[in-house]
Amino acid sequence: MSGESATASATPVGGGGGGVGGIQIHPQSRTRLPDFLQSVNLKHVKLGYHYLVSHLLTLCLIPLMAVIVIEATQLNPDDIRQLWLHLQYNLVSVIVCSTFLVFGITVYVMTRPRSIFLVDYACYKPSAELQVKYTQFMEHSRLTGDFDESSLEFQRKILERSGLGEETYVPEAMHFIPPRPSMQAAREEAEQVMFGALDNLFANTNVKPKDIGILVVNCSLFNPTPSLSAMIVNKYKLRGNILSYNLGGMGCSAGVISVGLAKDLLQVHRNTYAVVVSTENITQNWYFGNKKSMLIPNCLFRVGGAAILLSNKSKDRRRSKYKLVHVVRTHKGADDKAFKCVYQEQDDAGKTGVSLSKDLMAIAGEALKTNITTLGPLVLPISEQLLFFVTLIAKKTLFSGKKLKPYIPDFKLAFDHFCIHAGGRAVIDELEKNLQLLPEHVEASRMTLHRFGNTSSSSIWYELAYTEAKGRMGKGNRVWQIAFGSGFKCNSAVWEATRNVKPSVTNPWDDCIDRYPVQSVFEMSSSGGKE
């Protein structure tokens, strides 16, 4: 079936519940990410430079101290003796200088941000009996009796173009005919995922649950009472004064939000551990209707979750895998279209699902543009920043009204590895194009989508695990995790490897990494997924 002869087709570009997705009814009107070369907003650059200026004191003190040290090394014994004699007769000056020096050091020590280390993390790998193949997925969808022929055909096309493989996982309740999406089944899915990831995390790090001082859990669509964080406290008998938080409804970018919250809490509470658990629950959120804008999540979302151990203890520096460098968050919720582009609602038949707007890709592009323009001044080399800033000013002043393309910085100079949320094949394609990345830069995202599907907020951790399993993470390497979420949000986290990172014993790619990358996934991307 060619694009020209098609009368109706679907292009999956992400998932509901905070993923990035959209529907294509006519190929001629395909919605794509906006071309970043055409428009960059100056106010977003100012935000990034604001972060830079906020650390100006540290940037000024470092070269000043360097100059003092260099001058001191050039003094000969006579110079030192003369200086000592001079100070003996200027006691007031010595006291004043010493006071200022002690005050400055104290202010610096008290106000400098504490280093946050990622000790280790663990991704949940479901049992093999929960895997679902294309044919099995379609047969079960047909046998439920809830979908008409048009909806079944729509789902078939979504699956063929999705980039998912034949080994992704759906919850146990969805393997029954008819499916059994009960509250009890949803709780069991949550327990299997969260406890499975946490068991591996505690085993990998030898950290006792009682040592955890902060717990942050994010799950967008399943928020029972007691909360998911309370379930973890009860399971592992965490201490009574633990700071626990449960984030709901924040979509696929909530994993980065949870890391940001844990980071802020670790700045305040000294010498402690924080655990972040990122997951999504499918059991009670499967859509059984025929509205096409709500069918895409069924085809893309799969079971998955991750648990991350963060520390502000200086003794953990040596054994940690990464150091947290930046967290940059962008929220477009003030705009009505952005707010409703990923929206949980009921269809005309009263069936609940997550609806994806046709404007989703454009909104995601605007959120991404804001985020990376803010992030740029924090991570890019000075040369790239100058080229970008000069061309931007020229466009706004000297060549206003003329079509002068701004210089788009090369983020490959700032990052060694990219973990782009595996929301769907098309969104990875568009980010690869607009950020001018190479196939190897998006390999982890494509292979994660193929092997595990869209696991929502935890997908960026499966991607990081893929890079480690391939043996590509060296000391000093920088990693950019970027994810989209309902609301609409685009969030970034930047990590720096503190050592040559080897995969953990429980790495989810351990038994299949030799089979990847799958060449057919790259071929599908290059051909645009056409039949």
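Reference entry: report on the structure contained in this document. Position labels on residues start from 1 in each chain and follow its written sequence. For this predicted model, a pLDDT threshold of at least 70 governs which residues receive local features, and a threshold of 80 or more governs which side-chain atom pairs are given and counted, while totals over whole chains, interfaces and linings are taken from all residues. Excluding hydrogens and water, the side-chain figures rest on all heavy atoms present in the structure.

1. Structural notes on the sheet that holds strand β2 (residues 212-218)
Note the following rule: Strands are treated as partners if at least two bridges between them are detected by DSSP. Comment: elements are numbered from the N terminus, with helices defined as DSSP H or I runs of at least four residues and strands as E runs of at least two. Note on method: axes are straight lines fitted to C-alpha atoms, helices fitted across the in-contact stretch only, with angles between N-to-C directions ranging 0 to 180 degrees. Throughout, a residue-residue contact means that at least one pair of heavy atoms, one from each residue, lies within 4.5 Å.
Overall, mixed pairing links the nine strands, which are arranged β3-β2-β4-β5-β1-β6-β11-β10-β9 in an open sheet. If you trace the sheet from one side to the other, it starts and ends with β3 (243-247) and β9 (417-420), each paired once. The average angle at which neighbouring strand axes cross in this sheet is 20°, direction not considered. In this sheet, strand β6 (residues 322-331) lies alongside strand β1 (residues 117-123) in antiparallel orientation, the contact comprising two bridges. Bridge pairing links phenylalanine 117 to lysine 323 in β6. Each of β6, β10 (478-485) and β11 (489-497) touches helix α12 (residues 360-379); the most contacted strand, β6, lies at about 140° to it.

2. Focus: a nonpolar patch on the surface
We apply this condition: Exposure above 30% relative accessible area and the absence of a salt bridge qualify a residue for a patch, where like charges join within 9 Å and nonpolar side chains (Val, Leu, Ile, Met, Phe, Trp, Tyr) within 5 Å. Only the protein chains shown count as cover for residues, with accessible areas throughout obtained via the Shrake-Rupley method and a probe of 1.4 Å. Here, a salt bridge means any side-chain nitrogen of Lys or Arg that lies within 4 Å of a carboxyl oxygen of Asp or Glu.
On the surface, a nonpolar cluster with roughly 290 Å² of combined accessible area is contributed by Leu64, Met65 and Ile68. Note on placement: leucine 64 falls in helix α2 (residues 56-73).

3. Looking at the pairing of strand β4 (residues 273-279)
Working note: regular strand, side chains alternate between the two faces of the sheet. Quick note on the threshold: Classification of residues uses two cut-offs on accessible area relative to the type maximum, computed with a 1.4 Å probe and protein chains only: under 20% is buried, over 50% is exposed, and between them is partly exposed.
In terms of residue burial, β4 counts as a mostly covered element, since seven of its seven residues are buried. Residue alternation in β4 divides its side chains into two sets, Tyr273, Val275, Val277 and Thr279 and Ala274, Val276 and Ser278, and both sets are buried. Relative to β4, β2 runs parallel, the two being bridged by six bridges. Each residue of the ladder has a partner; that of valine 216, found in β4, is valine 276. Pairing analysis gives seven bridges linking β4 to strand β5 (residues 305-311), with the strands arranged antiparallel.

4. Quick look at the pattern of salt bridges
Scanning all chains against the criterion turns up 19 salt bridges. Between lysine 125 and aspartate 511 there is a salt bridge; the shortest N-O distance is 2.4 Å. Placement of the pair is lysine 125 in the loop between β1 and α5 (134-144) and aspartate 511 in the loop between β11 and α17 (519-527), with a sequence separation of 386 residues. We classify lysine 125 as partly exposed; its relative accessible area is 29%. On the accessibility criterion, aspartate 511 (56% relative accessible area) is exposed. Within the structure, one salt-bridge network assembled from shared partners comprises Arg425, Asp429, Glu432 and Arg446.

5. Remarks on helix α9 (residues 254-268)
Which entries qualify depends on this criterion: Multiplying one less than the number of residues by 1.5 Å gives the expected span of a helix.
With 15 residues, α9 ought to run about 21 Å at 1.5 Å a step, and its terminal C-alpha atoms sit 21 Å apart, in line with that. When we look at burial in α9, the residues that qualify are Ala254, Gly255, Val256, Ile257, Ser258, Val259, Gly260, Ala262, Leu265 and Leu266.

6. Concerning the nonpolar core
Grouped burial of nonpolar side chains is what soluble globular proteins tend to show. Rules: By convention a nonpolar core is built from buried Ala, Val, Leu, Ile, Met, Phe, Trp, Tyr and Cys residues, the set being connected through side-chain atoms within 4.5 Å.
Ile232, Leu310, Tyr322, Trp461, Phe488 and Trp495 are the most contacted members of the largest nonpolar core, which totals 134 residues. Element by element, the count of residues in this core is highest for helix α7 (residues 183-205), at 10 residues.

7. Brief notes about unusual backbone geometry
Looking along the chain, the bond that leaves threonine 225 and enters proline 226 is cis, with omega of -5°. By the secondary structure assignment, proline 226 is in the loop between β2 and α8 (228-236). The omega angle of the peptide bond from glycine 487 to phenylalanine 488 is 15°, so this bond is cis rather than trans. Within the fold, phenylalanine 488 resides in the loop between β10 and β11. Although it is not a glycine, asparagine 271 adopts a positive phi angle of roughly 50°. Note that asparagine 271 resides in the loop between α9 and β4. With relative accessibility at 57%, the residue asparagine 271 sits in the exposed group. Here the phi dihedral of serine 456 falls at roughly 65°; this positive angle occurs in a residue that is not glycine.

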